[in-house]
Structure formats: structure tokens, C-alpha cells
Amino acid sequence: MTETKDLTRLSVNAIRFLAIDAVEKAKSGHPGMPMAMAPLAYLLYREVMRHNPLDPNWPDRDRFVLSAGHGSMLLYAILHLTGYNLPLEELKRFRQWGSKTPGHPEYGHTPGVEVTTGPLGQGISTAVGMALAEKKLAAEFNRPGYEVVNHYTYVLASDGDLMEGVSGEASSLAGHWRLSKLIVFWDNNHISIDGSTDLAFTEDVLARYRAYGWHTLRVEDANDLEALRHAIRLAQLDERPSLIAVRSHIGYGSPKQDSHKAHGEPLGPEAVEATRKNLGWPYPPFEVPEEVYRHMDMREKGRAWQEAWEQLMEAYARAYPDLHQELLRRLKGDLPSLPEEPPAFDKPLATRAASGKALDAIAPRMPELLGGSADLTPSNNTQAQGMADFSPQNPTGRYIHYGVREHGMGAILNGLNLHGGYRAYGGTFLVFSDYMRPAIRLAALMGTPTVFVFTHDTIALGEDGPTHQPVEHLMSLRAMPNLWVIRPADAYETFYAWQVALRRKEGPTALILTRQVVPLLSPEKAKGALKGGYILEDAEDPEGILVATGSEVHLALKARALLAEKGRRVRVVSLPSFELFEAQPEEYRRKVLPPGLPTVAVEAGATLGWERYAHKVVGLDRFGASAPYPEVYEKLGFTPERVAGALEELL
């Protein structure tokens, strides 16, 4: 027993000093949290979690989300010690160019990192989506004696995570949904960057979480492994999500313990030496005793857990062959056979309505498709026919009501898609994409194929006025790397936009849809939307081009007709997606938009960014106004006459 205790103490200190040494070597980082929470990391990865360092993507592994991503060295140290492919050399290269140990954990970059974290509140909120995916998959696929989906989502969250509003939105939903396999540890160290948390954070956090519908517990000392074990056992037995407040001491064992100076800067050589003496760690930087490596190595256990699951899956395949095949397909992320031809649209439609009809066609053939909206379902048209509402009583329901919680919805969508087994999308008004930007940005950074459905896309919103009329949003979203923005011009382009979004696996897509009815284009021509931009109407030897997106494509067509009456030869290009168009071969792009040919862009939004395609822009660099939308368009200059005149000036 003494030997085991000694090995435990040595292992916990190994985690601490790997973090200390890496931060010290980089002269940058956050040593305090890893020093405080090393016992919890040890306990989770060594005793509690089922995981396999040899296969970090094993589908039924327990997930660990370091929401307090600034403490990344805690995660890197424990991954290294338990046998993940993260050699000591990478820890020595902490925060350096090209290393596997960036300043904050990055999904897809470091083995064992489940989600990119750092922006506080996003990790815990994304974890809610992961736990929701587990609950839904279990309800859909588990059968008596065959619990092929059965894992927990563990989160380590800081004071800052619980201060950020997004975590409140997501946690409220987690309680409402009774996500019993979500267990969050709150690193309750009383310290923030500015000093004591009492400066700004004196609420009763556990009372708040009880009000959300959570199970709450306290552990008075982060170093008390038995108390932690007991709290985890109680959390695992409860039918609610659990928040465990763990009283810790930032910078534990150092002269800077319980000081904000242990948070965001290296301890410094003198403090490091003192900490080595205080904690009885005689080893030089980055040296770990061999007995610690042997004690911490989880590869054989991980292999055994995964093999047991694979044997269960083999038995499941014999008992439920169809379910087994479907589960494997979805866990691999393989798409089913989607409809390639659009529905027959027999009248002009708002593209938001066309999106709903596209979903009606797609959803029955794609059982992993999960819809949702931030309390705007009738406006967003995001609930396909036959999509039952998800609830704790109906966990197989495919439509999720998020309430008025865009912040939380964005992060939860990412968690659903990161977990595997589902493709999730969610809707709100385009102007409220501002509330979701951190989640959209992280989806782009992680390469998560989330589909964001944004309706009510311009000043054509009309009477609701400038508070609800997006102006700068299209260009601001286009500025985000790896986010594809698609603004279709009609019902057919909308159908093809969904094709692009669902087939894309390398990152998120934003669909930008109209509130107002727009005319139909030729379905054959609209197929050009699959290339992001195409020639919609042409003239022999065109002398000028009108390029437009969304509803303004029809404005460009009317302007072309006016110019044709004057003998002008004008091409109209529909350009629903800059990013998809840029992904086409240069030869194709130059054919559609020949350099040097006088070009006018038409879009009811900010003009910044159009200079790459056009010599002049009919756009909007001011806020809108409250009035019926035809009048708003006319007063703000979105008329065929103005568009035609703009091109004439160039000609």
C-alpha cells in the first residue's frame, strides 16, 4: 500500500513538474492550474476513464475536455505519461513552431485532444453536445445486453469558464436534457488573472447549477484522491449532469501558491527550485522516473477495453446486423445516398422555405441528420417533415429546441459533430450569427462540418428595422478561414447549397437564406451553384458583367434586361459562394469572370471584399431602416436602374 501511495505521489508530481519545466523552457504558459489539478488528471486517466492511447479515436472511449485550455500542459503531461503518441521531445517544444504542444489544445493536431479549447466557456459548452450525442446514440442503438454506446464526458472547467455566458446557456440545456453522463469538475481556486475571484465573482455557483437541474458536490481538497473518487462515484450514479466543485490551490507547492502570479507566467528559476524542494522532487527538468512510466502506462488496459468492446460489437452484429451496419457507417462518417436532383419547385419561394423543402427530401434518407433552431423554427424552416422533437422522454427525436440560446447552440452543434454518429445543423437569423461567432470560429479552426443556417439575410427583413437587418455579416463571415459561406439565389441553388454543405467534411458551412420570396431560376443552370459561381445569363462577346448573390441576382437580371434594350451586351454571374468558387481551377474562374472586363457587383451588404471580383459595387455601407422591404430596397438604391447605371458608367 505504501509503495502504491508513493507511486501515486510520484506520478502526480511528475505531471506537475512536466508542466512546470515545459512552461519554464518556453518562457511562456500557465503552470498554476496543472500544478493544482494534477491529482484529478492522474485519477481520471489512471483509474476512472476508459480510453486507449493506442487508438485515441476508439468510438466508445470516455471523453475528456480541458475547458480551461490555458492549462494545456496538464493534458499534454498526462497524455505523454499514459502512453499516447506524444513523446517527451514534444513537451520540450511546448508553444514552439510546429510542435504537437501548442499553447492551447487543438483538435486534430495532438493525439488525445477531443476539442480545441482556450476561449473560455466553449469547452464545457461543446462537451454538452458530446454528452447529448452519447445519450442519443445509446437510445438509438443500444439493446438489452448490448450497450455498444456507453461512455462518459468529463470536463475540467475554470472559474472563467463558469463566468462566461455561453456556459450558462449550455449548462441550462444540459440540466433540462438530463445528461447524466456529463461530469464537470470546477477548478475552484479563487484566483483569476486580475487577482481574487471575489473582485467580480461572488455568486453561489452550485446553487445556480442546482437551479439548472444539475447534481452538485464539493471536494474540499484537490489532493484528496479518496474524496475525488467518492464524488465521481456519486456523480456516475445520478440521473442528472454533475458539477463537482474541487477546492484547489493554484501553483500548489510553489512560493507563488494562491497568487495570480502563478496563472499566466512561468514560475521563474528560484520559485521552481523552491517548488522542487517543497514537493520533494529531486529530478532535473523533464526527467521522469521509470517506475512512474510503468505505473502510468495505460496502453495494455486501453487495448483490453477496446478489444472487449469490439467483441461486444461482433456479438451485436450477429444479433442486430442492420443496426450494427448502420452504427458503423455513421461512426465512420460515411454519407448515405442523398438525393441528387432537387424537388420540383412549382412557384417562387423564399430560400428559407426552399431550404425546408430540401430538408424534407434529405432527412428521410439521412438518419444521422439532426436539426435545431434557437427558438425560430417557423422562421428558419429548419424542422423537416417527420423530424420528431428531442426530449429526455423522447431521446431518439431528431429535432432539438435550443430556446433563445444562440451562444450555447453553436457550441453544442460542434460537440454533436465532433462526437461522431451525427451531422447537426442549427438555425437563427443572420444578424444573430454575432452571438455564435466563437463557436463558428472554432468549428472552422477544428475543421468540424457543422452547418449553420442563417435566414433573414438582408435589409429585405423590412419592418423589423436595422437592429435585425444584417449589413456587415456576410463579409465578416467570409473573412473567416475555412468557413464556406453560401448565399443561394433561388430554391434550386438552395438545394445544391445543402448538397455542398452535407458533403463537406473539412469544415463548417454557413447557409445564408432570404425571408422574402424570390423567383425561380432554370434548374439546370442553378446546378452551377455546385461550383460556387457560374454564368447565369450571357451575351455574345459580353462587354460587361453583373455579378451578384442571393436575392440580388434577380435585381441583376432586371438590370441586364434594361441594358439589353440599349444594345448593351451583359453577362450575369451568380456567385453564391466565394470560397467554393475559389476552390475551382483558375481556368474556370477566369472563364466566368474574365480579368479586365468591366464588372459591377450587387449585394445588399457591406462592399468591403468585393474588390477582388468587381470594379464597382452596388452595396450598403450603412445600417438599414424600418419599412416594408420593397421601400427599403428602393430608398437605399437597390433598383434595376441604379445597377444598370453603375455598369454603364464603367462602359
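This part is about empty space enclosed by the protein. With the rule as written, the count across this model stands at three cavities of 30 Å³ or more. Looking at the largest cavity, its volume works out to about 80 Å³. Along its surface, the largest cavity is lined by Tyr45, Met49, His51, Asn52, Asp55, Pro56, Arg61, Asp62, Phe64, Tyr84, Gly112 and Glu114. Looking at the lining of the largest cavity residue by residue, the class counts come to five nonpolar, three polar and four charged. For the second largest cavity, the calculated volume is near 50 Å³. The wall of the second largest cavity is formed by Pro59, Asp60, Leu137, Val148, Val149, His151, Trp309, Leu327, Leu331 and His419. Grouping the constituent residues of the lining of the second largest cavity by class yields seven nonpolar, two polar and one charged.

Over its twelve residues, helix H14 (residues 351-362) extends 16 Å from the first C-alpha to the last, a length consistent with the 16 Å expected when each residue adds 1.5 Å. Within H14, the full set of buried residues consists of Thr351, Arg352, Ala354, Ser355, Gly356, Ala358, Leu359 and Ile362.

Right, let's talk about the pattern of salt bridges for a bit. Per the counting criterion, the structure on display carries 31 salt bridges. For Arg229, the salt bridge is made with Glu226, and the minimal N-O distance between the two is 3.3 Å. Of the two residues, Arg229 and Glu226 are both situated in helix H9 (residues 225-237); the distance of three residues between them amounts to about one turn of the helix. With relative accessibility at 43%, the residue Glu226 sits in the partly exposed group.

Right, let's get into the packing of aromatic side chains. Evaluation of the coordinates by the stated rule reveals 27 aromatic pairs. Ring geometry for Tyr146 versus Tyr320: centroids 5.7 Å apart, planes at 85°, classification edge-to-face. Taken together, the residues Tyr146 in the loop between helix H5 (122-141) and strand S2 (153-158) and Tyr320 in the loop between helix H12 (299-319) and helix H13 (321-332) connect sequence positions 174 residues apart. Classification of Tyr146 by relative accessible area gives partly exposed; the value is 21%.

The next point concerns the packing of helix H7 (residues 165-177) against helix H8 (residues 205-212). As a packed pair, H7 and H8 sit with axes 8 Å apart at the nearest point and diverge in direction by 45°. Here H8 runs oblique to H7, going by the angle between their axes. Here Ser167, Gly168, Ser171, Ser172, Gly175 and His176 of H7 come into contact with H8, specifically with Arg208, Tyr209 and Tyr212. Split by residue class, the contact of H7 with H8 holds two nonpolar, six polar and one charged.

By the criterion of burial, strand S17 (residues 544-548) is predominantly enclosed, with five of the five residues buried. Side chains of S17 alternate between two faces, with Gly544, Leu546 and Ala548 and Ile545 and Val547 buried alike. Of the strand pairs in this sheet, S17 and strand S18 (residues 570-574) are connected by five bridges, and their pairing is parallel. Counted as the bridge partner of Leu546 is Val572 from S18.

By the criterion of burial, strand S12 (residues 451-455) is predominantly enclosed, with five of the five residues buried. Neither face of S12 is exposed, since Val451, Val453 and Thr455 on one face and Phe452 and Phe454 on the opposite face are all buried. Where strand S11 (residues 423-429) and S12 come together, five bridges link them in parallel fashion. Bridging across to S12, Thr428 finds its partner in Phe454. Taken together, S11, helix H17 (residues 437-446) and S12 form a β-α-β motif whose crossover is right-handed.

Let's shift gears to the layout of surface pockets. With a probe scaled to a water molecule rolled over the atoms, the places where space remains empty come into view. Volume-wise, the largest pocket comes out at about 740 Å³. What lines the largest pocket is a set of 32 residues, among which Tyr107, Leu331, Asn417, Leu418 and Gly420 lie closest to the centre. Looking at the second largest pocket, its volume works out to about 310 Å³. Along its surface, the second largest pocket is lined by 15 residues, and Ser551, Leu555, Lys558, Tyr629 and Tyr633 are the ones closest to its centre. Of all the secondary-structure elements, those providing two or more residues to the lining of the second largest pocket are strand S15 (517-518), helix H21 (552-565) and helix H24 (629-635).

With that out of the way, let us pick up the side chain of Arg571. Mapping Arg571 onto the fold places it in strand S18. Within the local environment of Arg571, its side chain forms a polar contact with the side chain of Asp538, the two groups lying 2.9 Å apart. Setting aside chain neighbours within four positions, we find Arg571 in contact with Ile535, Glu537, Asp538, Pro542, Gly544, Ile545, Leu546, Lys591, Val592 and Pro594.

A word on the environment of Gly532. Of note, Gly532 is situated in the loop between helix H20 (523-526) and strand S16 (534-537). Classification of Gly532 by relative accessible area gives buried; the value is 0%. Residues Gly532 and Ala510 lie 22 residues apart in sequence; the distance between their C-alpha atoms is 13 Å.

The five strands lie next to each other as S1-S2-S3-S7-S6, forming an open sheet whose pairing is parallel. Looking along the sheet, the strands with just one partner apiece sit at the ends: strand S1 (63-66) and strand S6 (215-219). This sheet shows a mean twist of 20° between the axes of neighbouring strands, independent of strand direction. As defined by bridge partners, S1 adjoins S2 across four bridges and the pair is classed as parallel. Counterpart to Leu66 in the pairing with S2 is Leu156.

Unlike most non-glycine residues, Arg95 shows phi in positive territory, near 65°. Here Arg95 shows up in the loop between helix H4 (88-92) and H5. Looking at Arg95, the relative accessible area reads 27%, which means it is partly exposed. One non-glycine residue, Phe286, lies in the positive phi region at around 70°. Note on Phe286: relative accessible area 10%, which makes it buried.

The biggest cluster of nonpolar side chains holds 78 residues, and the ones touching the most others in it are Leu369, Trp498, Leu546 and Phe638. Among the elements that take part in this core, helix H19 (residues 491-503) stands out by supplying nine residues, more than any other. For Leu546, the contacting residues outside a window of four places in its chain are Ala556, Ala559, Arg560, Val570, Arg571, Val572, Val573, Val600, Val643 and Leu647. Among the nonpolar cores identified, the runner-up in size contains 65 residues, and Leu179, Ala245, Ile400 and Met409 belong to it.

In this section: the sheet that holds S18. Judged by pairing direction, the sheet is mixed, and its five strands sit side by side in the order S16-S18-S17-S19-S20 without closing on themselves. In this open sheet, the two edge strands, each paired with only one partner strand, are S16 and strand S20 (616-618). Ignoring strand direction, the axes of neighbouring strands in this sheet form an average angle of 30°. The pairing of strand S19 (residues 599-602) with S20 spans three bridges and is parallel. Counted as the bridge partner of Val600 is Lys616 from S20.

So, how was this worked out
- Residues numbered from 1 in each chain as written.
- Predicted model: local features only at pLDDT ≥ 70, side-chain atom pairs only at ≥ 80, totals over all residues.
- Heavy atoms only, no water.
- 1 Å grid on protein atoms, 1.4 Å probe; cavity = no way out; pocket = protein on both sides within 12 Å on 5 of 7 lines; lining within 4 Å.
- Points joined across faces, edges and corners; volume = space filled by probe spheres on them.
- Nonpolar A, V, L, I, M, F, W, Y, C, P; charged D, E, K, R; others polar.
- Helix = DSSP H or I, 4+ residues; strand = E, 2+ residues; numbered from the N terminus.
- Expected span 1.5 Å × (residues − 1).
- Buried < 20%, exposed > 50% of the residue type's maximum accessible area, 1.4 Å probe, protein only.
- Salt bridge = Lys/Arg side-chain N within 4 Å of Asp/Glu carboxyl O.
- Phe/Tyr/Trp six-rings, centres within 6.5 Å; stacked < 30°, edge-to-face > 60°.
- Axes fitted to C-alpha atoms, helices over the stretch in contact; angles between N-to-C directions.
- Parallel < 35°, antiparallel > 145°, perpendicular 65-115°, else oblique.
- Contact = heavy atoms within 4.5 Å.
- Pairing = 2+ DSSP bridges.
- Right-handed = clockwise from strand over helix to strand, strands pointing away.
- Polar contact = N/O pair within 3.5 Å; in protein donor to acceptor, adjacent residues only side chain to side chain.
- Core = buried A, V, L, I, M, F, W, Y, C linked by side-chain atoms within 4.5 Å.

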